[in-house]
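The primary structure of each chain is shown beneath.
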Amino acid sequence: MTNANGRFGIHGGQYIPETLMNAVIELEGAYLHYKEDPEFNRELSELFNEYAGRPSRLYFAKKMTEDLGGAKIYLKREDLNHTGAHKINNVLGQALLAKKMGKTRLIAETGAGQHGVATATAAALMGMECVVFMGEEDTIRQALNVYRMRLLGAEVIPVKTGTATLKDAVSEAMREWTSRIEDTHYCLGSVMGPHPFPTIVRDFQAVISKEIKVQILEKEGRLPDAVLACVGGGSNAIGSFYHFIDEPGVRLIGCEAAGRGVDTFETAATIATGRLGIFHGMKSYFCQDEYGQIAPVYSISAGLDYPGIGPEHAWLHDTGRAEYVPVTDDEAVNAFEYLARTEGIIPAIESAHALAHAMKIAPQMGREKILVITVSGRGDKDCAAIARYRGEDIHE
Amino acid sequence: MSRIGKAFENGKAFIVFITCGDPDLETTAAAVRAAAANGADLIELGIPFSDPTAEGPVIQSANVRALKGGVTTDKVFELVRELRRDVEIPLVFMTYANVVFSYGTERFAARCRETGIDGVILPDVPFEEKEDFQPVLNRYGVDLVSLVAPTSENRIAMIAQQAQGFLYIVSSLGVTGVRTEIRTDLGAIVEVVRQNTGIPCAVGFGISTPGQAAKMAAISDGAIIGSAVVKILEQYGKEAPERIAEYVRQIKAAIR
């Protein structure tokens, strides 16, 4: 899907300081080698299955289906993975790759903390040093995850610059990588950044759609009518979409965080409100002002609170192969509570964005239709924030 | 040879970086004039960007202050037009890809020529991505200045062969900012540069003292100082231009 220069249509590329160029070239070379290496793939499969608990379940949400009265709803349970989110898929792949490359130290950015926790986990498992950059604002919103990372032996560095959220954590991790490359791998957490990251992360996350395909054929004997996933940078979404891109009968729907609404400035919906730009190593769509200054975006979800979108999503949007829809804080919080009550599953507030859109479209669809929604993570980490959103103050 | 070449005709070149609009554009104009009058051979004007990923804390803060003060790309072009009434040394922009791209590369290049900018440095545009910018800038007589880093190794020759204006040699790993020591074997890098291009090269990142500047200029064609100058602006604000004049005199005397 990627062409020679790491482009998806006009998107992607390698807009990074010269200091990092040989590092990404070396990474690409190593990746191209190991992705064909049977031993690497055997080790990764073993980690996926024995350690992360794959394959994750494709669960028929019977009560939700009956309650909404339309399409049959299946939930892809990435929340059941070890560490509680899809992030572990990518991290195990990158950590193993880094180890093969002789790196001894992982650095990562994190928004909600799920990618940071996953990276700290893999580092602990593989005996590597780990430093995680996290916006100071997010260390407050996601204090529990900060504790988890420290418990796992990682150093967490609160980033105070800019808006003190995910984009600033990415910038700081890039700065750190520029200063220490020899022993350090930047374990980027989403399908973004310079080539080859969008491709590497996608390939490691593609296990999600690979499994969905097998599981839905087993259960229903046919492919779904639509696959839904939330999109920040877009890693769980691209993972959920990837093996369906060449199946034109399957609608692909990415759900962006609209925050307080796409007509306000407090939004993180990039496709809805952004325009073409160059940032964080890639050409893609970004929320920005008329002079190209990156916008301080907002969402209740720390994991979707990012002003850009991965280049492959930008391309899927350009070609019309995937649709991207905005979902507000309010809608996501309602879906968060709805899934807890209806199915006894507390989803991550990120994943709740996809569930919220499913709640809108499922009732409009016939009962013979099938929707698959990826529950990218579990929601324990969000309980305090959602309680606050509802005006209740609880102590963790 | 472009106008940038003139910066290297007066002995070793001293290149000064200033973030536009920190603390305000009047002070920037005064600081540029002070530097130019006291021996700076070329000025890099930083157009502020919200997320300057190649900068250390000092220049990051300057970007924040400038943007808070309401600086825009258009206002920076007006500043250049005003400076060009009397400032004759080469002026280049240092900014990030998105600032140029979102303005419209063609429109940006045209305004560079119209106001008197000689080159553009984009630290997030490596050799592989320069096709987006270089041909357009060149059509308007504006150079795209390339950078080589301590990690460039096998890439130095390729970059040097297509370099324009001057070649910016990044002294050490990491982001911009003052360093106590520079350990990279810059002599070896300069040697490869010389074998592959006739254009001058200058060393930047981490230089602040006259001693460091002299050492860097001795192995190349000049020294670039940013963070140390921006620090003076941070500390003295509107009073900074006088101090910058003194600082520039000291450095130029050391490297001459």
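Up top is the structure these notes are about.
Computed from a predicted structure; not experimentally measured. (Residues numbered from 1 in each chain as written. Chains lettered and ligands numbered in written order. Predicted model: local features only at pLDDT ≥ 70, side-chain atom pairs only at ≥ 80, totals over all residues. Heavy atoms only, no water.)

Re the overall build of chain A
Then, in step 1: Along chain A, the regular secondary structure elements total 16 helices and 14 strands.
Then, in step 2: Computed over the C-alpha atoms, the radius of gyration of chain A is 19 Å, within 12% of the 21 Å expected from 2.2 N^0.38 for a compact globule of 396 residues.
Then, in step 3: The C-alpha extent of chain A, read off along each of the three principal axes, is 55 × 45 × 40 Å.
Then, in step 4: Within chain A, the proportion of its 396 residues that are buried is 66%.
Then, in step 5: Considering only contacts in chain A between residues 6 or more positions apart, those separated by 24 or more positions represent 74%.
Then, in step 6: Surface summary for chain A: the accessible area is close to 13500 Å², and the carbon and sulfur share equals 51%.
Then, in step 7: Taking the 40 positively charged and 52 negatively charged side chains of chain A as two groups, their mean positions are separated by 3 Å. (Helix = DSSP H or I, 4+ residues; strand = E, 2+ residues; numbered from the N terminus. Rg over C-alpha atoms; globule rule 2.2 N^0.38 Å. Buried < 20%, exposed > 50% of the residue type's maximum accessible area, 1.4 Å probe, protein only. Contact = heavy atoms within 4.5 Å. Areas by Shrake-Rupley, 256 points an atom, 1.4 Å probe, with all protein chains shown as cover. Lys, Arg positive; Asp, Glu negative; His and termini not counted. Charge placed at Lys NZ, Arg CZ, Asp CG, Glu CD.)

Some details on the sheet that holds strand β6 (residues 129-135) of chain A
Residues and elements named next belong to chain A.
Then, in step 1: Read across the sheet, four strands follow the order β7-β6-β5-β8 without closing on themselves; strand pairing throughout is parallel. Every interior strand has two partners, whereas the edge strands, β7 (155-159) and β8 (184-186), have only one. Going from strand to strand, the sheet's axes swing by 20° on average, the running direction of each strand aside.
Then, in step 2: Inspection of the sheet shows strand β5 (residues 105-110) paired to β6 by six bridges, in the parallel sense. Across the sheet, the residue bridging to Arg105 is Glu129, located in β6. (Pairing = 2+ DSSP bridges. Axes fitted to C-alpha atoms, helices over the stretch in contact; angles between N-to-C directions.)

Some remarks on empty space enclosed by the protein
All names here are of chain A.
Then, in step 1: Evaluation of the coordinates by the stated rule reveals eight cavities of 30 Å³ or more.
Then, in step 2: Volume-wise, the largest cavity comes out at about 320 Å³.
Then, in step 3: Along its surface, the largest cavity is lined by 30 residues, and His86, Lys87, Gly303, Leu304 and Glu350 are the ones closest to its centre.
Then, in step 4: Of all the secondary structure elements, the ones that give two or more residues to the lining of the largest cavity are β5, α5 (114-126), α8 (166-179), β9 (226-231) and α11 (235-241). (1 Å grid on protein atoms, 1.4 Å probe; cavity = no way out; pocket = protein on both sides within 12 Å on 5 of 7 lines; lining within 4 Å. Points joined across faces, edges and corners; volume = space filled by probe spheres on them.)

Here we look at the packing of helix α2 (residues 57-68) of chain B against helix α10 (residues 227-236) of chain B
Residues and elements named next belong to chain B.
Then, in step 1: It is at 9 Å that the axes of α2 and α10 come closest, and there the two elements cross at 50°. In terms of orientation, α2 and α10 fall into the oblique class. Seen from above, α2 lies across α10 with left-handed handedness. In this structure, α2 contributes Val58, Ile59, Ala62 and Arg65 to the contact, and α10 contributes Ser227, Val230, Lys231 and Glu234. (Parallel < 35°, antiparallel > 145°, perpendicular 65-115°, else oblique. Left-handed = near helix turned anticlockwise from the far one by under 90°.)

Quick word on the pattern of salt bridges
When charged atoms on two side chains of opposite charge get close, those side chains can pair.
Residues and elements named next belong to chain A.
Then, in step 1: All told, the structure shown has 50 salt bridges over all chains when counted by the stated rule.
Then, in step 2: Glu66 is paired through a salt bridge with Lys62; the nearest N and O atoms lie 3.8 Å apart. Taken as a pair, Glu66 and Lys62 lie in helix α3 (residues 62-68) at a separation of four residues, close to a single helical turn.
Then, in step 3: Two residues, Lys76 and Glu211, come together in a salt bridge whose shortest N-O distance is 2.7 Å. One end of the pair, Lys76, is in strand β4 (residues 72-77); the other, Glu211, is in helix α10 (residues 207-220), and 135 residues separate them in sequence. (Salt bridge = Lys/Arg side-chain N within 4 Å of Asp/Glu carboxyl O.)

Points about the sheet that holds strand β11 (residues 275-279) of chain A
Residue and element names in this part refer to chain A.
Then, in step 1: Read across the sheet, four strands follow the order β1-β2-β12-β11 without closing on themselves; strand pairing throughout is antiparallel. Looking at strand neighbours, the two that pair on one side only are β1 (7-8) and β11, the edges of this open sheet.
Then, in step 2: Sheet topology places β1 next to strand β2 (residues 11-15); two bridges connect them, and they run antiparallel. Its bridge partner being in β2, Phe8 is matched across the sheet by His11.
Then, in step 3: Contacts between helix α13 (residues 311-319) and the sheet are confined to β1, β2 and β12 (281-286), with β12 contributing the most and set at about 45° to the helix.

Here we look at the interface of chain A and chain B
Then, in step 1: Across the contact, 33 residues belong to chain A and 40 residues belong to chain B.
Then, in step 2: Where chain A abuts chain B, roughly 2800 Å² becomes buried across the two surfaces, and 51% of that area is made up of carbon and sulfur atoms.
Then, in step 3: Taken as a group, Glu18, Arg175 and Tyr291 of chain A account for 27% of the area that chain A buries against chain B, more than any other trio of residues on that side.
Then, in step 4: Between chain A and chain B we count four salt bridges in total.
Then, in step 5: Where Lys283 of chain A meets Asp132 of chain B, a salt bridge forms, and the shortest distance between an N and an O atom there is 3.2 Å.
Then, in step 6: Taken together, the links from chain A to chain B amount to 24 residue pairs in polar contact (both at pLDDT 80 or more).
Then, in step 7: Counting residues per element, the ones that place at least two in the side of chain A that touches chain B are β2, α1 (18-34), α8 and β11 of chain A.
Then, in step 8: Here the side of chain A that touches chain B is composed, by residue class, of eleven nonpolar, 13 polar and nine charged. (Buried area = accessible area lost by both parts, 1.4 Å probe. Polar contact = N/O pair within 3.5 Å; in protein donor to acceptor, adjacent residues only side chain to side chain. Nonpolar A, V, L, I, M, F, W, Y, C, P; charged D, E, K, R; others polar.)

Topic: the side chain of Arg7 of chain A
Then, in step 1: Mapped onto the elements of the fold, Arg7 of chain A is located in strand β1.
Then, in step 2: A polar atom in the side chain of Arg7 of chain A sits 3.0 Å from the backbone oxygen of Ile10 of chain A.

Section: the packing of aromatic side chains
For any pair of aromatic rings, geometry is given as the distance between the ring centres together with the angle between the planes.
Then, in step 1: Enumeration according to the criterion identifies 17 aromatic pairs over all chains in this entry.
Then, in step 2: Taking 5.8 Å as the distance between ring centres and 80° as the angle between the ring planes, the aromatic pair formed by Phe279 of chain A and Phe286 of chain A counts as edge-to-face. Considered together, Phe279 of chain A and Phe286 of chain A belong to a single accessibility category, that of buried residues.
Then, in step 3: Members of the aromatic cluster, connected to one another through ring pairs, are Phe279 and Phe286 of chain A together with Phe49 and Tyr96 of chain B.
Then, in step 4: Seen from the ring of Tyr298 of chain A, Arg260 of chain A lies directly overhead, with NZ or CZ sitting 4.5 Å from the centre.
Then, in step 5: Between Arg107 of chain B and the ring centre of Tyr103 of chain B, over which it is positioned, the NZ or CZ distance is 3.8 Å. (Phe/Tyr/Trp six-rings, centres within 6.5 Å; stacked < 30°, edge-to-face > 60°. Lys NZ or Arg CZ within 6 Å of the ring centre and 35° of its normal.)

Some remarks on the layout of surface pockets
Then, in step 1: Computed from the structure, the largest pocket encloses a volume of approximately 620 Å³.
Then, in step 2: Forming the walls of the largest pocket are 29 residues, and the residues nearest its centre are Asp289, Gln293, Ile294, Ala295 and Pro296 of chain A.
Then, in step 3: Ranked by residue count, the leading element in the lining of the largest pocket is α2 of chain B, at four residues.
Then, in step 4: A volume near 470 Å³ is recorded for the second largest pocket.
Then, in step 5: What lines the second largest pocket is a set of 18 residues, among which Leu44, Phe48, Asp203, Val207 and Lys210 of chain A lie closest to the centre.
Then, in step 6: Counting residues per element, the ones that place at least two in the lining of the second largest pocket are α2 (38-51), α9 (197-205) and α10 of chain A.
Then, in step 7: Take the lining of the second largest pocket: its biggest share by element is six residues, from α2 of chain A.
Then, in step 8: Its residues assigned to classes, the lining of the second largest pocket comprises nine nonpolar, four polar and five charged.

Focus: the nonpolar core
Inside soluble globular proteins, nonpolar side chains tend to come together where they are buried.
Then, in step 1: Of all hydrophobic cores here, the largest spans 167 residues; its most connected members are Leu45 and Phe93 of chain B.
Then, in step 2: Of the residues forming this core, the biggest block, eight residues, is contributed by α1 of chain A.
Then, in step 3: Those residues within four positions of Phe93 of chain B in sequence are excluded, and the remaining contacts are Leu45, Ile47, Val76, Phe77, Val80, Phe108, Cys112, Ile117, Gly119, Val120 and Ile121 of chain B.
Then, in step 4: In this structure, Ala226, Leu228, Ala332 and Ile373 of chain A belong to the second largest nonpolar core, which totals 34 residues. (Core = buried A, V, L, I, M, F, W, Y, C linked by side-chain atoms within 4.5 Å.)

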